[in-house]
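Analysis of the macromolecular model
Each chain is listed here by its residues.
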Amino acid sequence: MKAQRTMMEAGFSQDDITNMNSCSIKQIYHRLRGMFEKVSWRKVVCHNGGCPRWNFVLTMTAHGRLYTQDRLQRWGVAVDQDCIMCNNEKETIQHLFFKCSYAQALWSKLLEWQGIDRPVQGWEEELKWAEKLAKRRNATTELYKMVLEATIYYVWQERNDRIFQTKTRRWETVCKMIVQEIHCRSNRKIEKILHSLNWYSV
């Protein structure tokens, strides 16, 4: 059997292979890969109506893998540690989303637009709040997930534009862009709730 070596690496003995009536590629794959715990924020990222690039940046943020200034410094890269968005604190994921005054103002307005009345917190707290909300399966949750994903993406984009292209946009401009993008990506799940929100409030 040409696949014998692979199956033995997956933990099947010679007797197991001989006595098999059927074989599942999926089963072999999972045994080769090993078991992994599911991340607590999977429902925030999975089945999200936003576009793939938003989803990618949100996933990287949740994993703590964005190349923020503090992470680059830990790798020995000489960089300015100050947040380029507000120049008040060192740039970390916790600060950038959403303790930075720029990102905080943007996220606060988008929460208000959705009818969510609560103070804006740092990334760890915001992610935990999103995890709890994502347990519900309704239009409000679907919209929230899309808005969070878009906000993370556009804040990260704004940060990179300021560093690499010396371009800046006001948070009010970005806010309107996000709302417009959400309307363009509307689907059956969120269409009704979107029509009830005030476009002119952003």
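Placed above this text is the structure.
The structure reproduced in this document is the subject of the present report. (Residues numbered from 1 in each chain as written. Predicted model: local features only at pLDDT ≥ 70, side-chain atom pairs only at ≥ 80, totals over all residues. Heavy atoms only, no water.)

1. Let's talk about the overall build of the protein chain
For the protein chain, the helix and strand inventory stands at 12 helices and zero strands. Shown N-terminal to C-terminal, the secondary structure of the protein chain runs as helices and strands in the order α-α-α-α-α-α-α-α-α-α-α-α. Taken against the 2.2 N^0.38 rule, which gives 17 Å for 202 residues, the C-alpha radius of gyration of the protein chain at 22 Å runs more than 25% over that of a compact globule. If one aligns the C-alpha atoms of the protein chain with their principal axes, the spans along those axes are about 70 × 50 × 25 Å. (Helix = DSSP H or I, 4+ residues; strand = E, 2+ residues; numbered from the N terminus. Rg over C-alpha atoms; globule rule 2.2 N^0.38 Å.)

2. Considering the layout of surface pockets
Roughly 180 Å³ of internal volume is contained in the largest pocket. Lining the largest pocket, in full, are R42, K43, C46, H47, A134, R136, R137, T141, E142, K145 and K189. Taken together, the elements giving at least two residues each to the lining of the largest pocket come down to α4 (42-45) and α10 (139-164). Looking at the lining of the largest pocket element by element, the count peaks at three residues for α10. Across the lining of the largest pocket, the residue classes break down as two nonpolar, two polar and seven charged. (1 Å grid on protein atoms, 1.4 Å probe; cavity = no way out; pocket = protein on both sides within 12 Å on 5 of 7 lines; lining within 4 Å. Points joined across faces, edges and corners; volume = space filled by probe spheres on them. Nonpolar A, V, L, I, M, F, W, Y, C, P; charged D, E, K, R; others polar.)

3. A short note on helix α9 (residues 123-133)
Within α9, burial applies to W123, E126, L127, A130, E131 and L133. The buried residues of α9 occupy an angular sector of 165° when the element is viewed end-on, so they sit on one face. Exposed residues lying more than 90 degrees from the buried face of α9 are E124, K128 and K132. On its buried face, α9 is in contact with α4, α5 (52-63), α7 (93-99), α8 (101-114) and α10. (Buried < 20%, exposed > 50% of the residue type's maximum accessible area, 1.4 Å probe, protein only. Arc of directions from axis to C-beta. Contact = heavy atoms within 4.5 Å.)

4. Comments concerning a nonpolar patch on the surface
A grouping of Y67, W75 and V77 is seen on the molecular surface, where their side chains present a nonpolar patch of about 330 Å² in accessible area. One can find Y67 in the loop between α5 and α6 (69-74). (Patch = residues over 30% accessible without salt bridge, like charges linked within 9 Å, V, L, I, M, F, W, Y side chains within 5 Å. Areas by Shrake-Rupley, 256 points an atom, 1.4 Å probe, with all protein chains shown as cover. Salt bridge = Lys/Arg side-chain N within 4 Å of Asp/Glu carboxyl O.)

5. What about the packing of aromatic side chains?
For the structure on display, the rule yields eight aromatic pairs. When the centroid spacing of 6.4 Å and the interplanar angle of 65° are considered together, the rings of W54 and Y154 count as edge-to-face. On the criterion of sequence distance, the pair formed by W54 in helix α5 and Y154 in helix α10 is long-range, its members being 100 residues apart. For the pair W54 and Y154, one class covers both residues: buried. (Phe/Tyr/Trp six-rings, centres within 6.5 Å; stacked < 30°, edge-to-face > 60°.)

6. Digging into the packing of α8 against helix α11 (residues 171-184)
Where α8 contacts α11, the two axes come as close as 9 Å, and the packing angle between them is 40°. For the element pair α8 / α11, the angle class is oblique. When the axes of α8 and α11 are compared, the crossing they make is right-handed. For the pair formed by α8 and α11, the contact residues are Y102, A105, L106, K109, L110 and W113 on the first element and W171, V174, C175, I178, V179, I182 and H183 on the second. (Axes fitted to C-alpha atoms, helices over the stretch in contact; angles between N-to-C directions. Parallel < 35°, antiparallel > 145°, perpendicular 65-115°, else oblique. Left-handed = near helix turned anticlockwise from the far one by under 90°.)

7. Describing the pattern of salt bridges
Evaluated as defined, the whole model comprises eight salt bridges. Its salt-bridge partner being E142, residue K145 comes within 3.9 Å of it at the nearest N-O pair. Here K145 pairs with E142, and both are found in helix α10, just three residues apart, close to one helical turn. Each member of the pair, K145 as well as E142, carries the same accessibility label: buried. Connected through shared salt-bridge partners, E158, R162 and R169 make up one network.

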